[in-house]
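Secondary and tertiary structure notes
What follows is the residue order along each chain.
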Amino acid sequence: MIEKTFGKGCRVLVVGATSGIAKELCREFARHGFNLVLAARDEEELAILGADLKIRGNVEVRVVTFDALDYDSHPAFWESCSDVDGVVCCFGVLTDEATARRDPKACRVLIETNYNANVSLLNEVANSFEERKRGFICVLSTVAGERARRSNYLYGSAKGGLTAYTEGLRSRLFPAGVSVTTVKPGPVDTGMTFGMDKLPLLAPPEKVASDIYRGLRRGADVVWTPAPWRIIMGLLRFVPASLWKRMDF
Ligand SMILES: NC(=O)c1ccc[n+]([C@@H]2O[C@H](COP(=O)([O-])OP(=O)(O)OC[C@H]3O[C@@H](n4cnc5c(N)ncnc54)[C@H](OP(=O)(O)O)[C@@H]3O)[C@@H](O)[C@H]2O)c1
């Protein structure tokens, strides 16, 4: 299954390639000889990233523009890069919670980017991989999707939905030999968390990227990164709702 599609010479589509975690993951892929298709909104940043990866890894790199919220463009986008062995979805937004509560448009962008857009694109990918009976899919969710907190339940609920979607997708694609990996990072030091204080166990993106790469290599269903989050969230699952609602975090 994953052994056939994961290794040197494979081609991977990284969607949201300009994200802090994705850039490090692309470097990890390039270092291991993977060819890359990089997709994001910012053409200039894509070109710089692509040139850097070509030099570092001596691998083939293509770039293609992608706007997650332009749903109608997803089928043609996928058609243009469906020659890949695997897809990694890294795009997402963490809108300020107070703003998203008040501003309906900001709230829609938050929910849609983190949930609807992933589902829209991944449905295309899944249909294709299922038919050809090979491929791997990796989706960046978050520990915040495990239990919704007072201070970021809008983001958490969209990511919780995404985690549930990937669990169902994994089950659907298992008989076809297609793997689906759900990544659950804790806070990571990227543009997304810039300027936020009091973030527990803030991880460098290099560490998260290397955990994701190793998880994909072993065909993991779920990657907790850094690993202690698996234990932390496992314990938090047992906090009763009557106590959870009193917790101010
Ligand atoms: N950082 C964390 O603490 C953390 C923790 C857990 C999970 N995650 C998840 O991990 C993933 C990557 O996070 P990160 O911290 O690396 O993110 P980041 O550096 O903030 O980058 C977010 C990426 O999403 C892209 N994006 C946003 N809206 C888009 C749209 N409509 N169309 C296409 N691309 C769009 C951005 O592109 P533009 O540059 O064009 O805006 C950017 O490349 C996200 O799904 C995030 O939710 C992050």
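As shown above, the structure is provided for reference.
Let me begin by describing the structure that accompanies this report.

Residues in close proximity to the ligand total 26 residues, the closest being Arg41, Ala68, Tyr155, Val188 and Thr190. Note that an oxygen atom of the ligand is positioned 2.8 Å from one of the backbone N or O atoms of Ile21. A distance of 2.7 Å separates an oxygen atom of the ligand from a polar side-chain atom of Tyr155. For the ligand, whose unbound accessible area comes to 900 Å², protein coverage reaches 88%. For the shell around the ligand, the secondary-structure elements that each account for two or more residues are α2 (20-31) and α7 (153-173). The residue inventory of the shell around the ligand, partitioned by class, reads 13 nonpolar, ten polar and three charged.

This paragraph deals with the side chain of Arg147. Residue position: Arg147 is located in the loop between β5 (136-140) and α7. Buried and unpaired, Arg147 has no salt bridge, with Glu146 as the nearest side chain of opposite charge at 9.1 Å. A polar contact of 2.9 Å, which involves the side chain of Arg147, links it to the backbone oxygen of Leu236. Those residues in contact with Arg147, other than ones at most four positions away along the chain, are Met233, Leu236, Arg237, Val239, Pro240, Ala241 and Trp244.

Before going further, it helps to examine the nonpolar core. One finds Val14, Phe29, Leu36, Leu38, Val88 and Ile212 to be the most contacted residues of the largest nonpolar core, which totals 35 residues. At the level of elements, β1 (11-15), α2, β2 (35-40), α3 (43-57), β5 and α8 (205-217) are the ones that each hand at least two residues to this core. Among the elements that make up this core, the one with the highest residue count is α2 (six residues). If you look at the next biggest cluster of nonpolar residues, it comprises 30 residues, including Phe66, Cys89, Phe129 and Val139.

Take the packing of aromatic side chains next. Taken as a whole and judged by the stated rule, the model has eleven aromatic pairs. A ring pair is formed by Trp78 and Phe129, whose centres lie 5.8 Å apart and whose planes are at 75 degrees; its orientation type is edge-to-face. With Trp78 in helix α4 (residues 74-80) and Phe129 in helix α6 (residues 104-132), this pair connects stretches of sequence that are 51 residues apart. Among the residues examined, Trp78 registers a relative accessible area of 3% and is labelled buried. In this structure Phe129 comes out as buried when scored by relative accessible area, which is 0%.

Let's shift gears to the layout of surface pockets. Its volume calculated, the second largest pocket comes out at about 220 Å³. Taken together, Lys207, Asp211, Arg214, Arg218, Val222, Val223, Trp224, Ala227 and Arg230 make up the lining of the second largest pocket. Among the elements of the structure, α8 and β7 (222-225) are those that each provide at least two residues to the lining of the second largest pocket. Here the residues of the lining of the second largest pocket are counted per class, giving four nonpolar, no polar and five charged.

This part is about unusual backbone geometry. Following Thr225, the chain continues into Pro226 via a peptide bond in cis, with omega recorded as -10 degrees. Mapped onto the secondary structure, Pro226 falls in the loop between β7 and α9 (228-236). A positive phi is found at Asn58, a non-glycine position, where the angle reads about 55 degrees. Examined against the element boundaries, Asn58 turns out to sit in the loop between α3 and β3 (61-65). Residue class for Asn58 comes out exposed when judged on its relative accessible area of 72%.

Before going further, it helps to examine the pairing of β3. Relative to β3, β2 is paired through five bridges, and the arrangement is parallel. Residue pairing for β3: Ala39 is matched across the bridge by Val64. Remark: the β2/α3/β3 crossover connection has right-handed handedness.

Let us look at the pairing of β1. Taking burial as the measure, the five residues of β1 include five buried ones, the bulk of the element. In this sheet, β2 lies alongside β1 in parallel orientation, the contact comprising five bridges. Each bridged residue has a counterpart across the sheet, and for Arg11 the counterpart in β2 is Asn35. Where β1 and strand β4 (residues 86-89) come together, four bridges link them in parallel fashion. From the neighbouring strand, Val12 faces β4, where its bridge partner is Gly86.

The next subject is the environment of Ala126. The topology assignment puts Ala126 in helix α6. The exposure class assigned to Ala126 is buried, which follows from its relative accessible area of 0%. Sequence separation between Ala126 and Ala40 is 86 residues; the distance between their C-alpha atoms is 20 Å. Ignoring any residue separated from it by four or fewer positions in sequence, one finds Ala126 in contact with Ile137, Leu169, Arg172 and Leu173.

The rules behind these values
Residues numbered from 1 in each chain as written. Predicted model: local features only at pLDDT ≥ 70, side-chain atom pairs only at ≥ 80, totals over all residues. Heavy atoms only, no water. Near = heavy atom within 4 Å. Polar contact = N/O pair within 3.5 Å; in protein donor to acceptor, adjacent residues only side chain to side chain. Areas by Shrake-Rupley, 256 points an atom, 1.4 Å probe, with all protein chains shown as cover. Helix = DSSP H or I, 4+ residues; strand = E, 2+ residues; numbered from the N terminus. Nonpolar A, V, L, I, M, F, W, Y, C, P; charged D, E, K, R; others polar. Buried < 20%, exposed > 50% of the residue type's maximum accessible area, 1.4 Å probe, protein only. Lys, Arg positive; Asp, Glu negative; His and termini not counted. Salt bridge = Lys/Arg side-chain N within 4 Å of Asp/Glu carboxyl O. Contact = heavy atoms within 4.5 Å. Core = buried A, V, L, I, M, F, W, Y, C linked by side-chain atoms within 4.5 Å. Phe/Tyr/Trp six-rings, centres within 6.5 Å; stacked < 30°, edge-to-face > 60°. 1 Å grid on protein atoms, 1.4 Å probe; cavity = no way out; pocket = protein on both sides within 12 Å on 5 of 7 lines; lining within 4 Å. Points joined across faces, edges and corners; volume = space filled by probe spheres on them. Pairing = 2+ DSSP bridges. Right-handed = clockwise from strand over helix to strand, strands pointing away.

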